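Letter by letter, the chains look like this.
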Amino acid sequence: MGSTSWFVAFPGKAEGPAPRIPVPADGVRVVHHPSGRPWIVADASHARLVVAGTGARRLALFGEFDADAGRLARLLDRHDDVPGLLAAAHRVPGSFHLICADGDALWVQGSASGLRQVCYARHPEGGYAAADSVEPLIDWSGGAPRPEMVAWGLVHPGFDYGLTDGTHWTGVHRLPADHRLRLTGDRADTRPWWRPPTGGLPLAEGAPLLRAALEEAVAVRVRTAAGLSADLSGGMDSTSLCYLLAGQDASFRSFVEQTVDPNHDDARWAALAAREIGRELTVLGPEDVPGPYDGIWDGDAGLVTEVPYGLGEPYTLIRNRTRKTAMSRLFAATGATVHIGGFGGDELFTVAPSYFSDLYRTAPVAAVRGIRPLARLRRWTLPQVVRSLADRRTYAAWFTQELSTLHLPRPATDGPTVGWGPALHLPPWATAHAAEAIREIARERSGEIRPQAGDRASHTAVAGQRIGGQRLGPLRDLMERSGVLLSLPYMDDHVLEAALAVPRGESLPGRGYKPLLKAAMGPTGSGALSRSTKGEFSMSVYRGLQRNRRALLAMVEEPLLAEHGLVDPDALRASIRDTMRPQHETAALELTLGAEAWLRTVAGRTTPTPREPGGILVNSYPVAP
């Protein structure tokens, strides 16, 4: 079983003694402050860690990038102030964390896309530490599980990232993606560092900039990966990345999934693209890899943990966990160390209906005319549409209203989704206690409820990326344990910024399918990139639920979620038995099963035993010399 990449970073001066909590020493690297105190402890088995220093100042990058120590040293020479230094370092192409030491202070910055998160905690006896995820800080901080946070994750389609700094463990906090962290020995401060572009570039000017950002993002992977594989679903997002890889003469194997649905046409379009770029394509049929919900629960052993579940947070994409494990091993068997995926493209290049709400403020007639085809498709009446477009509630007011109605039954049909986000609902098996737990969490940050961007359409795009970045964390860990890093160029900040620099109205469906990405790609792949359909997997999901119904019912026979008062077990089991459940309930079921798996993982956790002396004690980590 492979390892995952992670880091923990410490300020130059800390209070309190160093506790003895072990982590595996193999492959762990330690970088020190000038004083000799530990600064960074990291497993970089699926990441690069590059460090430069001058005097009492240090700068490190951790993640995917191709800058060397010389470039970082030059940045240190040119910038005396830390914010200026971090802004300059952020211009390096790729996806990474920035870690800076300036005297006794520690600065840590993740990515605006939310893929590179920043967490921090305080030790019970004094002193702070920062990390790229929750799990490395749990034992160091003496954290205890917070079942009420499980309720927060049951909401469908999900809360926006950053509405709470709480995590599933007491004492461990997560920063909003647009904030950086500053730690000293006895204080933790967070400060905003990123704002979305204003979106003022016309498509003709913005498309070449997006193309340049994508070329840079792909080049980073080509130059730094020992071996590459890539998704080639036949959709525009993954297909565009494969064209760019081939254009840089990269050697890689591409993969596409074929489902049980005879109308699913991903493989046909993927084959066309593979011929155009001259690369080998592997089609994974339903018989080649496990299907949805296969291998999650064993009647005798219980929760299947061949690949361990993480402790930090629930694995929300649980239906395909066994499938992704098998696929990752196939990727690794080709010699790939990095697998490139197209996650994040939909959020950047499709426009939410909330765009028309923004337009209504300045051009109400154009807004009503523009939304009419969508309204007919979704059977929204004109009075419904006009009332929704005219709703000028702030984000905070909208969120407060959604909190107040979480527990109400979902209406048979949803109204126009032109506000700050879709209507939020708890599943029918959630209890009143779950709803109240969510409201209590929200009250902790009631004065800090703010949108991810100034207008609703941009907010929806950024929020979608950040929700995806958080939910993909456990999947990336799973794939790393299976030997490959899941690399996501559309979640590089430079790509995000280039896409948002073009007004959202430039990507309206009337201009073609994903017109900004199509314009960026130009005449490249005129055949495969002409696709206007999108494959979906509902038939595979429903058959997977049917095939595994007995196992899933056994999983929730005595659910821990019910022990914590969060679900009605009879209602939950009734939904699993129901062959006619609505699609939104099927999606909520996956979130619920992921939450149950996390509670079981935590319940079966053993407390680490301190090591005997012999390694180097690094604040909380004994590391072999």
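Residues numbered from 1 in each chain as written. Predicted model: local features only at pLDDT ≥ 70, side-chain atom pairs only at ≥ 80, totals over all residues. Heavy atoms only, no water.

Caption draft 1: Inspection of the overall build of the chain at higher detail. Summing up its helical and strand segments, the chain has 22 helices and 21 strands in all. Scaling as 2.2 N^0.38, a compact globule of 625 residues should have a C-alpha radius of gyration of about 25 Å, and the chain matches this with 24 Å. Along the first, second and third principal axes, the C-alpha set of the chain runs to 70 × 55 × 50 Å. Per-residue burial over the chain gives 57% buried out of 625 residues. Within the chain, contacts between residues separated by at least 24 positions form 72% of all contacts whose residues are at least 6 apart in sequence. In the form shown here, the chain has an accessible surface area of approximately 25,000 Å², with 52% of it arising from carbon and sulfur atoms. Counting 67 positive and 68 negative side-chain charges, the chain places the centres of these two groups 4 Å from one another. (Helix = DSSP H or I, 4+ residues; strand = E, 2+ residues; numbered from the N terminus. Rg over C-alpha atoms; globule rule 2.2 N^0.38 Å. Buried < 20%, exposed > 50% of the residue type's maximum accessible area, 1.4 Å probe, protein only. Contact = heavy atoms within 4.5 Å. Areas by Shrake-Rupley, 256 points an atom, 1.4 Å probe, with all protein chains shown as cover. Lys, Arg positive; Asp, Glu negative; His and termini not counted. Charge placed at Lys NZ, Arg CZ, Asp CG, Glu CD.)

Caption draft 2: The arrangement of the packing of aromatic side chains in detail. The full count for this structure, using the stated rule, is 13 aromatic pairs. Centre to centre, the rings of tryptophan 152 and phenylalanine 159 are 4.2 Å apart; their planes meet at 35 degrees, and the pair counts as tilted. For phenylalanine 159, a relative accessible area of 8% puts it in the buried group. With a centroid separation of 5.4 Å and 70 degrees between ring planes, the pair formed by tyrosine 355 and phenylalanine 356 is classed as edge-to-face. On the basis of relative accessible area, tyrosine 355 is assigned to the buried category, the value being 16%. Following the ring pairs from residue to residue traces out a cluster consisting of Trp152, Phe159 and Phe399. The lysine or arginine in question, arginine 321, covers the ring of tyrosine 309, its NZ or CZ lying 3.6 Å from the ring centre. Sitting over the face of the ring of tyrosine 315, arginine 321 holds its NZ or CZ atom 5.2 Å from the ring centroid. (Phe/Tyr/Trp six-rings, centres within 6.5 Å; stacked < 30°, edge-to-face > 60°. Lys NZ or Arg CZ within 6 Å of the ring centre and 35° of its normal.)

Caption draft 3: A look at the sheet that holds strand β7 (residues 105-109). Strand order across the open sheet formed by six strands is β4-β5-β6-β7-β11-β12, with antiparallel pairing between neighbours. Each edge of the open sheet is held by one strand with a lone partner, namely β4 (48-54) and β12 (188-192). The average angle at which neighbouring strand axes cross in this sheet is 15 degrees, direction not considered. Here strand β11 (residues 179-183) runs beside β12; their pairing, made up of five bridges, is antiparallel. (Pairing = 2+ DSSP bridges. Axes fitted to C-alpha atoms, helices over the stretch in contact; angles between N-to-C directions.)

Caption draft 4: Spatial organisation of the side chain of aspartate 265. Along the chain, the position of aspartate 265 falls in the loop between β14 (252-257) and α7 (266-277). The class for aspartate 265 is buried, based on a relative accessible area of 18%. Not counting chain neighbours up to four residues away, the residues in contact with aspartate 265 comprise Arg531 and Thr533.

Caption draft 5: Representation of unusual backbone geometry in the model. Following histidine 156, the chain continues to proline 157 via a peptide bond in cis, the omega torsion being 5 degrees. Turning to its location among the elements, proline 157 is positioned in the loop between α4 (147-154) and β10 (172-174). We note that aspartate 249 has phi near 60 degrees; this positive angle belongs to a residue other than glycine. With respect to the element layout, aspartate 249 can be found in the loop between α6 (236-247) and β14. For aspartate 249, a relative accessible area of 66% corresponds to the exposed category. A positive phi is found at arginine 379, a non-glycine position, where the angle reads about 60 degrees.

Caption draft 6: Structural detail: the confidence of the model for the chain. Chain-level pLDDT for the chain is 91 on average; 93% of the residues reach the 70-or-more range. Here residues 17-22 scores under 50 on pLDDT; set against residues more than four positions off or in separate chains, the count is 24 contacts. Counting interchain partners and residues more than four positions distant, the pLDDT-below-50 stretch residues 609-625 has 52 contacts. (pLDDT = per-residue confidence, 0-100.)

Caption draft 7: How the structure looks around helix α14 (residues 432-443). Its twelve residues place the ends of α14 17 Å apart at the C-alpha level, agreeing with the 16 Å of an ideal helix rising 1.5 Å per residue. Taken as a whole, α14 has its buried residues at Ala434, Ala435, Ala437, Ile438, Arg439, Ile441 and Ala442. Tucked into the core, α14 has its buried residues touching α4 and α13 (395-404). (Expected span 1.5 Å × (residues − 1).)

Caption draft 8: Summary view of helix α5 (residues 203-224). For α5, spanning 22 residues, the distance from its first C-alpha to its last is 31 Å, which sits close to the expected 32 Å at 1.5 Å a residue. Taken as a whole, α5 has its buried residues at Leu203, Gly206, Ala207, Leu210, Ala213, Leu214, Ala217, Val218, Ala219, Val220 and Arg221.

Caption draft 9: Structural view of the environment of valine 484. By the secondary structure assignment, valine 484 is in the loop between α15 (456-481) and β19 (485-487). The exposure class assigned to valine 484 is buried, which follows from its relative accessible area of 0%. When the C-alpha positions of valine 484 and alanine 332 are compared, they lie 6.0 Å apart, and in sequence the two are 152 residues distant. Residues within four places of valine 484 in sequence aside, it is in contact with His46, Ser328, Phe331, Ala332, Ala336, Thr337 and Met479.

Caption draft 10: Looking closely at the nonpolar core. Core analysis: the biggest nonpolar cluster contains 84 residues, and Trp152, Phe159, Phe399 and Ile438 have the highest contact counts within it. Those residues within four positions of phenylalanine 159 in sequence are excluded, and the remaining contacts are Trp152, Phe399, Leu403, Leu406, Leu424, Ile438 and Ile467. (Core = buried A, V, L, I, M, F, W, Y, C linked by side-chain atoms within 4.5 Å.)

Caption draft 11: Here's a closer look at the sheet that holds β14. Taken together, five strands build an open sheet; the order of strands is β15-β14-β13-β18-β19 and the sheet is parallel. Either end of the sheet is taken by a strand with one partner, and the two such strands are β15 (281-284) and β19. Strand after strand, the sheet turns through a mean of 25 degrees between neighbouring axes, direction not considered.

Caption draft 12: Main features of the environment of arginine 410. Residue placement: arginine 410 occurs in the loop between α13 and α14. Remark: the alpha-carbon pair of arginine 410 and histidine 584, spanning 174 residues in sequence, is separated by 9.6 Å. Those residues within four positions of arginine 410 in sequence are excluded, and the remaining contacts are His156, His425 and His584.

Caption draft 13: Structural context of the state of the cysteines. Scanning all chains against the criterion turns up zero disulfides. Take cysteine 100: it sits in no disulfide, and the sulfur closest to it among the cysteines is that of cysteine 119, at 19 Å. Residue classification places cysteine 100 among the buried positions, given a relative accessible area of 1%. (Disulfide = S-S within 2.5 Å.)

Caption draft 14: Molecular detail of the side chain of glutamine 109. Summarising the element assignment, glutamine 109 is placed in strand β7. Within the structure, the side chain of glutamine 109 is placed 2.8 Å from the side chain of arginine 180, a separation counted as a polar contact. When sequence neighbours within four positions are dropped, the list of residues in contact with glutamine 109 reads Leu86, His90, Phe96, His97, Leu98, Val118, Arg180 and Trp193. (Polar contact = N/O pair within 3.5 Å; in protein donor to acceptor, adjacent residues only side chain to side chain.)

Caption draft 15: Just the pattern of salt bridges, in detail. Here the structure, examined in full by the defined rule, presents 29 salt bridges. Its salt-bridge partner being arginine 57, residue aspartate 102 comes within 4.0 Å of it at the nearest N-O pair. Note that aspartate 102 is positioned in strand β6 (residues 95-102) and arginine 57 in strand β5 (residues 57-64), a separation of 45 residues in sequence. For aspartate 102, a relative accessible area of 31% corresponds to the partly exposed category. Of the residues examined, arginine 57 reaches a relative accessible area of 14% and is grouped as buried. The partner of arginine 573 in a salt bridge is aspartate 570, and the shortest N-O contact between them spans 2.7 Å. Here the residue arginine 573 and the residue aspartate 570 both occupy positions in helix α21 (residues 569-577), the gap between them amounting to three residues, near one helical turn. For arginine 573, a relative accessible area of 11% gives the class buried. Taken together, the shared-partner salt bridges connect Glu64, Arg116, Arg221 and Asp492 into one network. (Salt bridge = Lys/Arg side-chain N within 4 Å of Asp/Glu carboxyl O.)

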